[in-house]
Amino acid sequence: MGKLAVRALRAVLVVVFGGTVFVQAGMVWALISKNDPEEGSLPLTPLRVITILGMVSVQVALVCVGRLVAMVRRGTVFSHAAFRYVDGVIGAIVAASLVWFTVTAINAPGQRDDPGVTVIMGGIGLAILGVALIVLVLRMLLAQAVARDVEAAQLQAELDEVI
């Protein structure tokens, strides 16, 4: 990866992380201020807590991606240490889909007249799970690359002995 691409990605990661912290702070403020009446059809307190948890899953994914970018820059991404961060990304995406399914379940009773909204929201949750599956496939490719890298290092060591 080029230096410009790494810097741009790091800048994006920092801005998005800052945005999630801002949203979390707003939700915590709304939870503790109690001057916001819950007069709507949806319960706001559970949705605010779910939003905070959703932002945590995004933050975990951002930190893991940041660590992977650092490994790519150092040339150490094809190692067993990278699996911890890839697993973190997968876990964060699955957690985000569970958060989304929870929001869908909370929203569903209010959509009895128009159940299509609930179906669309469920489809979005499945799409989020699909992203986790794509990252899982990429993890398998990383596992193959690490195995090939280890094999290449062993063959290089054998060749060095012969020469």
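A short tour of the structure in this document, coming up. (Residues numbered from 1 in each chain as written. Predicted model: local features only at pLDDT ≥ 70, side-chain atom pairs only at ≥ 80, totals over all residues. Heavy atoms only, no water.)

1. Focus on the overall build of the protein chain
Here comes step 1: When its secondary structure is counted, the protein chain shows 4 helices and 0 strands.
Here comes step 2: From first element to last, N terminus to C terminus, the protein chain shows the α and β order α-α-α-α.
Here comes step 3: A compact globule built from 163 residues should have a C-alpha radius of gyration of about 15 Å, whereas the protein chain, at 21 Å, is more than 25% larger.
Here comes step 4: Once the C-alpha set of the protein chain is aligned to its principal axes, its extents read approximately 80 × 30 × 25 Å.
Here comes step 5: Counting all 163 residues of the protein chain, 27% fall into the buried class.
Here comes step 6: In the protein chain, the share of contacts with a sequence separation of at least 24, taken over all contacts with a separation of at least 6, comes to 71%.
Here comes step 7: Within the structure as shown, the protein chain displays about 10400 Å² of accessible surface, and the carbon and sulfur contribution to it stands at 71%. (Helix = DSSP H or I, 4+ residues; strand = E, 2+ residues; numbered from the N terminus. Rg over C-alpha atoms; globule rule 2.2 N^0.38 Å. Buried < 20%, exposed > 50% of the residue type's maximum accessible area, 1.4 Å probe, protein only. Contact = heavy atoms within 4.5 Å. Areas by Shrake-Rupley, 256 points an atom, 1.4 Å probe, with all protein chains shown as cover.)

2. Describing the packing of helix H2 (residues 44-74) against helix H3 (residues 81-107)
Here comes step 1: Relative orientation of the contacting elements H2 and H3 amounts to 160°, with a least axis distance of 9 Å. One element, H2, and the other, H3, form an angle in the roughly antiparallel class. Here H2 runs over H3; the crossing is left-handed.
Here comes step 2: Here the residues of the contact of H2 with H3 are counted per class, giving 21 nonpolar, 4 polar and 1 charged. (Axes fitted to C-alpha atoms, helices over the stretch in contact; angles between N-to-C directions. Parallel < 35°, antiparallel > 145°, perpendicular 65-115°, else oblique. Left-handed = near helix turned anticlockwise from the far one by under 90°. Nonpolar A, V, L, I, M, F, W, Y, C, P; charged D, E, K, R; others polar.)

3. A short note on the layout of surface pockets
Here comes step 1: Its boundaries defined by the atoms lining it, the largest pocket holds a volume of some 340 Å³.
Here comes step 2: Lining the largest pocket we find 12 residues, and of these Leu68, Val77, Val86, Leu138 and Leu142 sit closest to its centre.
Here comes step 3: Elements with a minimum of two residues in the lining of the largest pocket: H2, H3 and helix H4 (116-162).
Here comes step 4: Here the residues of the lining of the largest pocket sort into 11 nonpolar, no polar and 1 charged. (1 Å grid on protein atoms, 1.4 Å probe; cavity = no way out; pocket = protein on both sides within 12 Å on 5 of 7 lines; lining within 4 Å. Points joined across faces, edges and corners; volume = space filled by probe spheres on them.)

4. Some details on the pattern of salt bridges
Here comes step 1: Considering all chains together, one arrives at 1 salt bridge under this definition.
Here comes step 2: Here Asp87 makes a salt bridge to Arg139, at a shortest N to O gap of 2.5 Å. Of the two residues, Asp87 is situated in helix H3 and Arg139 in helix H4; the sequence distance between them amounts to 52 residues.
Here comes step 3: We classify Arg139 as partly exposed; its relative accessible area is 24%. (Salt bridge = Lys/Arg side-chain N within 4 Å of Asp/Glu carboxyl O.)

5. As for the environment of Gln144
Here comes step 1: Mapped onto the fold, Gln144 is located in helix H4.
Here comes step 2: Gln144 gets classed as partly exposed once you look at its relative accessible area, which sits at 49%.
Here comes step 3: Separated by 125 residues in sequence, Gln144 and Gly19 have C-alpha atoms that sit 36 Å apart.

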